[in-house]
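Listed below, chain by chain, are the residues.
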Amino acid sequence: MRVASLHRASKPSAYALLKIRASLTKAPFGDQSLFKFAVECSFSASLVMRGKLRKEEPVKKTESSQEVFGSPANAPREQNGLEPTPRITSSSNPDTQVEAFIEEVLRLPKNAKGIEWIQHEPARDAQFLTDSEDDSNFHGLDSRWKSYLQEQGIHRLYSHQGEAVDGIREGKHVVVVSATASGKSLCYNLPVLDHFLKKGKGYALYLFPTKALAQDQMRTLDGHIKGLGLSLEAGVFDGDTEPHMRKRLKQKGRLILTNPDMLHRSILPHHGGWAGLFAGLKYIVVDEVHSVRGIFGSNVANVIRRLKRIAKRYGASPQFIVASATISNPQEHAESLLGEKMQVIDKDGSPRGARTVVFWNPPLVERPDGTKYRKGPLSVATRILPELLERGIRTIGFCQARSSVELMLRYVWDRLKGNKSTKHLAEKLESYRAGYLPNERREIERRLFSGELLGVVSTNALELGIDIGGLDACLLVGYPGTVASFLQRAGRAGRRARHSLVIFVAGSEPIDQYFMRHPDAFFQKSPEAAVIEPENPYILTKHLICAAYELPLTLEDAQWFTGGDQSLLRGILDLLAQGGQLKKANGKYHYVEKDFPAKKVKLRTVGDENFTIYEGKGEKIIGELDYVAGLLSLYEGAIYIHRSETHFVEELDVENQIARLRKDDSGYYTQALLQKTVEEDQALEKKAWPNLDALKLSEVTVETRITGFKKVRFHTVENIGYGEVDLPPIRLETVALHFEVPQVLVEQAMEFGSEFFFSGLHGVCRLFTGLMPFFVMGDPRDIDYFIDGNTVYIYDVFEGGIGYSEKAYEKFEGILKASLEHANSCNCPAGCPSCVLPSSSRYEVALEPGIREFPKPKEAAKYLLHAFLGLETYKPNLEGVDLAPKPNPLEPEEALDPQVARKVERAMRGLKKFGLKSQED
Amino acid sequence: MSELKKSSWLRLSKKFKENAALNRASPCPAEELTTQPSEEDPFLRHVEIYSPETGGFPSDLFGESFLLESFQDLCSGEGPLVFWDLETSGLGDVPIFMLGVLLYFPSQPQAFRLEILTAKGFEYEEALLKEACDFLSQSRLWISFNGRSFDYPRLKKRAFRYDLEVPECEYHLDLLMQVRRRWKHDWPNCKLGTVERRLLNLERGKKDVPGSEVPERYNDYVATKNWKWMEPVLDHNRRDLVAMAVLLERLCEFEPGFLKDVQSAD
């Protein structure tokens, strides 16, 4: 631990203060020994916790709790999520195991020097709405609920569950914001099933962002339905549903679990077949709404507007119950997504065990030539994970990439199998990621849930709320990109109100390293906002066409789609009528084409899993991958790792989307080498700009070509050879805002060195794309940039473009000004992830080290921003930088805004051009 | 159906043919009133009157012209009758583009009025359905062939799209059900064409379009606005309607009180 961190530690973080305020005496451990222990170990001198905090923290002893469950030892409070408590065969108590790990392992000198930060968050007690110990009323729920919950050991509802039940009864639309494992699904299952218990009629529709979540919730629901003695036809309706089950659900289903894609493509267009559902629709549940953002979110918002419109025609006005993980704007987001006034319930009443968060930086090591480099996060993670497992600590490891998941599993297995005493543990560790077969994934989920597995290494595939039972520790290998995602993943540990452990092992990305240097900055950062724009003309236009297919559109429909603005709706519809997409008759707009518009409209930017992976000559399928991932990891000669086993790719048939592999113990793995290019296809708009060779908006093709691959030896990471690849490039036809920095300015900037110029240009792009989402109402993940020499491209990561870079073109000056303001007001000395450093590792083509490690990126960015804004030349402060010169390298109706009209036209063209790639769900 | 009864049916069919031959003796062209549509008209309206004055049912339907002389005696007493038949642009929840009705008013014995409306585009389905609802509400007895399980549910489903109210009928006589009840076991199928051949001694010419071609022809018409695609479809619909009237007369002829019986039995 460096002295510097001691110094910093004198400033207690708001986050820690907030956390520590929770009650101590009510900690679910019978006596206070755990807290004492935790305080002792976390705050112990050897681990250097913030001394000032320890002394001054107003640790209040709150009033004695209304302990509901008798002796805490057998109090299954965590079961308010109705999960059975998995038991570990080990006789040890995981609490003491986590504590022992903190005490014994982290204390070791070899570990302690990598640990940059330890933070302890004390336990939080359960919160209830009523004071009564015997809450016999159960918020007015049916007596069958009451006896069923009591059988499950639940005698009272947590405050957020109670508030949800009350809010729904009062007829409000409700959004519940709570952490993983807080009994969130009961918030919607309670009122919905209660309605079925009491009324015996009506219908409910549950929407989950993924198929796996729907399946998972179906299992929970089945348990409730049986336990309550309800006779209720409920089922999952998605792309995997068998035809006979589809028919059955259409005819008899009362509670349908599905996903937005299926609603969009199957249920809404064929609403006639679901007449019963739409006529009697009482509740719509949308889970994990925080993940319904960006382009996907804007699309789903329109699907929901279509759903409400159809339901209205059948005479139903359903109530919404939605659940979200922590984001900074739950109310705004839910209201914009659903188009309803929402009641927010954000006081999570579930109990929480104490939690220790550790920031761990892999060591700097010296190369033979004397230069230093930082070891990768896997080097630490693969060493720590076996130690956790050996102590019986149930752990989930999160990696950023699928390939890292496989590498980590392999390395940890090697380590465990290499020792007689730990050999048996290898069977208790599995990997989990997209690309495995569904039944393989279900099996891993089941084994995790039952406690058969002690650990799992996963990508973000396990980030959303699939119930995998209680875990004790979470190992984050690399920064996940956002605070919200970090918290989601960390929330996977600590389900059972026990002491949990979160270890964040930093990668070499600038943001990882920044947080290692400034851990308090991380804890002060609030989770990101979810942003959507349902009225984005590109998105709205496509959904209006789908809506017209479902029922002819009239101007009355402005209430659903344009917030009541009839002239805007008329303008768009007339344009569509002129373009021949719709036909106008008797004041209504009809869809008259033979084809099926919803098939052409994709809700997501990510493709489907469609490469099938065969092992051997036969028909044995071992996995499936989406198109882009398939090209990037299944090129001929690649080593594809599946659950730690290496396979040699013998054949990749791109046309038929088949890969043939053979098992091969290669001793190495492969990494694709990529080259990105942007080609301007058609200029759309152009305007003059000071100090730039004009600002342009064009249709472009972004091509990512796999130029070859390198072979990397396991463990040593030695480069042992190259291979060639002949594959079609991955093409993205989209719209880009682009400009060229004029030669004069390039030369002026180069006087400070070429790194100054390029680092500055990257800094400008990061600032610009970082702030752009607020100006264009988009999600950062849907925007990317590319620098080609002195030309900058900022483009929409969406086939055909979605209007983001177009809006940025319109608001260019505003975004530039905001960028400069932001750089000026950021109080970091030289540049940080909040300003000029990238916030995540989504850039496929790595920067050269010279640019990446330029010590004053903010100064360079400010220099260029001043120039682009036509301000006085900025004098950069480059103290300490080696400045040795280096070598240089249709007519709308009057009501419609012409800009909107142009977008609608482009969206129509896009639909014709890109629409043919249908997705099968 | 017993053998005996069946043979008597055949005998009677022959007699019908003779009657028809008699009618042929006084040929008179049917009046055709295809109105000249204005641009705003959502559909084309084709009207024909079949009466002794106009020469009865014309020969282009089934090869010879004829009158249903005893229709008045056998089938009336029920107020106005509406025979109806829809054409749709395919299977599933797809638009209705053609409505054919054959109206019979007891006040004008032996006279039928045929009206066939064709929507000029898919966007005019709504106007067509409105018209259909108006026609249907004129009568308390509807007669169709497979209308109970096809035309009526389809009409309701499509009308829902436009928020239109479809009238309910006091009695909807589905002739297909009646035919099935009687000849299901004797005939390979109970399609209208089979009924015409086996029961009514009528034969459609080779010109009759198969039902499967109908949607494609309408698409071609909408795309080209050339009426030639639709002519055979219109004839198909005319024949269906007229065959229904002939079939009803047959049934009433063989089973006196048929109309009363089916209504009370159902």
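See the structure printed just above.
### Digging into the overall build of chain B
Here is step 1 of the chain: Helix and strand counts for chain B come out as 10 helices and seven strands.
Here is step 2 of the chain: The 266 residues of chain B split such that 55% are buried.
Here is step 3 of the chain: Of the contacts formed within chain B by residues at least 6 apart in sequence, a portion of 71% connects residues at least 24 apart.
Here is step 4 of the chain: When the accessible surface of chain B is split by element, carbon and sulfur atoms take 51% of a total near 12,000 Å².

### With respect to the overall build of chain A
Here is step 1 of the chain: Of the regular secondary structure elements, chain A holds 33 helices and 29 strands.
Here is step 2 of the chain: By residue count, 60% of the 921 residues in chain A fall in the buried class.

### Some points on the packing of helix α8 (residues 159-169) of chain A against helix α9 (residues 184-199) of chain A
Residue and element names in this part refer to chain A.
Here is step 1 of the chain: It is at 9 Å that the axes of α8 and α9 come closest, and there the two elements cross at 35°. Of the two possible hands of crossing, α8 and α9 adopt the one that is right-handed. From α8, His-160, Gln-161, Ala-164, Val-165 and Ile-168 reach across to α9, where they touch Leu-186, Cys-187, Leu-190 and Pro-191.

### Overview of the interface of chain A and chain B
Here is step 1 of the chain: With 18 residues of chain A at the interface, the matching set in chain B holds 11 residues.
Here is step 2 of the chain: Interface area, chain A with chain B, both sides summed: about 1,300 Å², of which 52% is carbon and sulfur.
Here is step 3 of the chain: Here Glu-126 of chain B ties to Lys-588 of chain A by a salt bridge, and the two come within 2.7 Å at their closest N and O atoms.
Here is step 4 of the chain: Of all the elements in the fold, those that place two or more residues in the side of chain A that touches chain B are α22 (537-550), β17 (583-585) and β18 (588-590) of chain A.
Here is step 5 of the chain: Of the residues belonging to the side of chain A that touches chain B, the class tally is seven nonpolar, five polar and six charged.

### Regarding unusual backbone geometry
Here is step 1 of the chain: Although it is not a glycine, His-139 of chain A sits at a positive phi angle of roughly 55°.
Here is step 2 of the chain: Structurally, His-139 of chain A can be placed in the loop between β1 (115-121) and α7 (143-151).

### Structural notes on the packing of aromatic side chains
All names here are of chain A.
Here is step 1 of the chain: Counted by the stated rule, this structure contains 47 aromatic pairs over all chains.
Here is step 2 of the chain: Between Phe-237 and Trp-274 the ring centres are 4.8 Å apart and the planes differ by 85°, which places this aromatic pair in the edge-to-face class. With a gap of 37 residues between them, Phe-237 in the loop between β4 (234-236) and α11 (243-252) and Trp-274 in the loop between α12 (260-267) and α13 (275-280) connect regions that are remote in the sequence. Neither residue differs from the other here; Phe-237 and Trp-274 are each classed as buried.
Here is step 3 of the chain: For the ring pair Tyr-635 and Phe-709, a centre distance of 5.1 Å and an interplane angle of 35° mean the geometry is tilted. With Tyr-635 in the loop between α26 (627-633) and β21 (639-642) and Phe-709 in strand β25 (residues 692-713), this residue pair connects regions lying 74 residues apart in the sequence.
Here is step 4 of the chain: Above the plane of the ring of Phe-128 lies Arg-156, whose end atom (NZ or CZ) is 4.2 Å from the centre.
Here is step 5 of the chain: If you follow Lys-282 out to its NZ or CZ, it ends over the ring of Tyr-283, 5.3 Å from the centre.

### Details of α9 of chain A
Residues and elements named next belong to chain A.
Here is step 1 of the chain: Between the first and last C-alpha of α9 there are 24 Å, a value that for 16 residues agrees with the 22 Å anticipated at 1.5 Å per step.
Here is step 2 of the chain: Maximum bend of α9: about 25°, positioned at Leu-190, with proline Pro-191 one to four residues after it.
Here is step 3 of the chain: Burial analysis of α9 places 14 of its 16 residues in the buried class, the great majority of the element.
Here is step 4 of the chain: Count one or two residues on from α9 and you reach Gly-200, which has phi positive near 65°.

### Regarding the sheet that holds strand β16 (residues 500-505) of chain A
Across a sheet, paired strands are connected by hydrogen bonds in the backbone, their directions being either parallel or antiparallel.
Residues and elements named next belong to chain A.
Here is step 1 of the chain: Spatially, the seven strands line up as an open sheet ordered β1-β9-β16-β15-β12-β14-β13, and their pairing is mixed. Taken across any chain shown, the strands that pair with only one partner, and hence form the sheet edges, are β1 and β13 (429-432). On average, each strand axis in the sheet is tilted by 15° relative to the strand beside it, whichever way the strands run.
Here is step 2 of the chain: Bridge count for strand β12 (residues 395-399) against strand β14 (residues 455-458) is four bridges, and the pairing is parallel. Across the sheet, Thr-395 pairs through a bridge with Gly-455, a residue of β14.
Here is step 3 of the chain: Lying over the sheet, helix α16 (residues 377-390) contacts β9 (355-360), β12, β13, β14, β15 (473-477) and β16, oriented at roughly 165° with respect to β15.

### Describing the packing of helix α4 (residues 125-136) of chain B against helix α5 (residues 147-161) of chain B
All names here are of chain B.
Here is step 1 of the chain: Direction vectors running N to C along α4 and α5 enclose 130°, while the axes themselves pass 10 Å from each other. The angle between α4 and α5 places the two elements in the oblique class. The two elements α4 and α5 meet at a crossing, and its hand is left-handed. Contacts from Glu-125, Leu-129, Ala-132 and Leu-136 in α4 reach Leu-155, Arg-158 and Ala-159 in α5.
Here is step 2 of the chain: In the contact of α4 with α5, the residues fall into five nonpolar, no polar and two charged.

### A look at the sheet that holds strand β8 (residues 342-345) of chain A
Residue and element names in this part refer to chain A.
Here is step 1 of the chain: Reading across from one edge, β4-β5-β3-β6-β7-β2-β8 is the order of the seven strands in this open sheet, with parallel pairing throughout. Of all strands in the sheet, those bounded by a partner on one side alone are β4 and β8. For this sheet, the mean inter-axis angle between neighbouring strands, taken without regard to orientation, is 15°.
Here is step 2 of the chain: Two elements, strand β6 (residues 281-286) and strand β7 (residues 319-324), share four bridges in a ladder whose sense is parallel. From the neighbouring strand, Val-285 faces β7, where its bridge partner is Ile-321.

Cut-offs and rules
- Residues numbered from 1 in each chain as written.
- Chains lettered and ligands numbered in written order.
- Predicted model: local features only at pLDDT ≥ 70, side-chain atom pairs only at ≥ 80, totals over all residues.
- Heavy atoms only, no water.
- Helix = DSSP H or I, 4+ residues; strand = E, 2+ residues; numbered from the N terminus.
- Buried < 20%, exposed > 50% of the residue type's maximum accessible area, 1.4 Å probe, protein only.
- Contact = heavy atoms within 4.5 Å.
- Areas by Shrake-Rupley, 256 points an atom, 1.4 Å probe, with all protein chains shown as cover.
- Axes fitted to C-alpha atoms, helices over the stretch in contact; angles between N-to-C directions.
- Left-handed = near helix turned anticlockwise from the far one by under 90°.
- Buried area = accessible area lost by both parts, 1.4 Å probe.
- Salt bridge = Lys/Arg side-chain N within 4 Å of Asp/Glu carboxyl O.
- Nonpolar A, V, L, I, M, F, W, Y, C, P; charged D, E, K, R; others polar.
- Phe/Tyr/Trp six-rings, centres within 6.5 Å; stacked < 30°, edge-to-face > 60°.
- Lys NZ or Arg CZ within 6 Å of the ring centre and 35° of its normal.
- Expected span 1.5 Å × (residues − 1).
- Bend = angle between axes of the 7 residues up to and from the residue.
- Pairing = 2+ DSSP bridges.
- Parallel < 35°, antiparallel > 145°, perpendicular 65-115°, else oblique.

As far as function goes, none of this settles anything; it's purely spatial.
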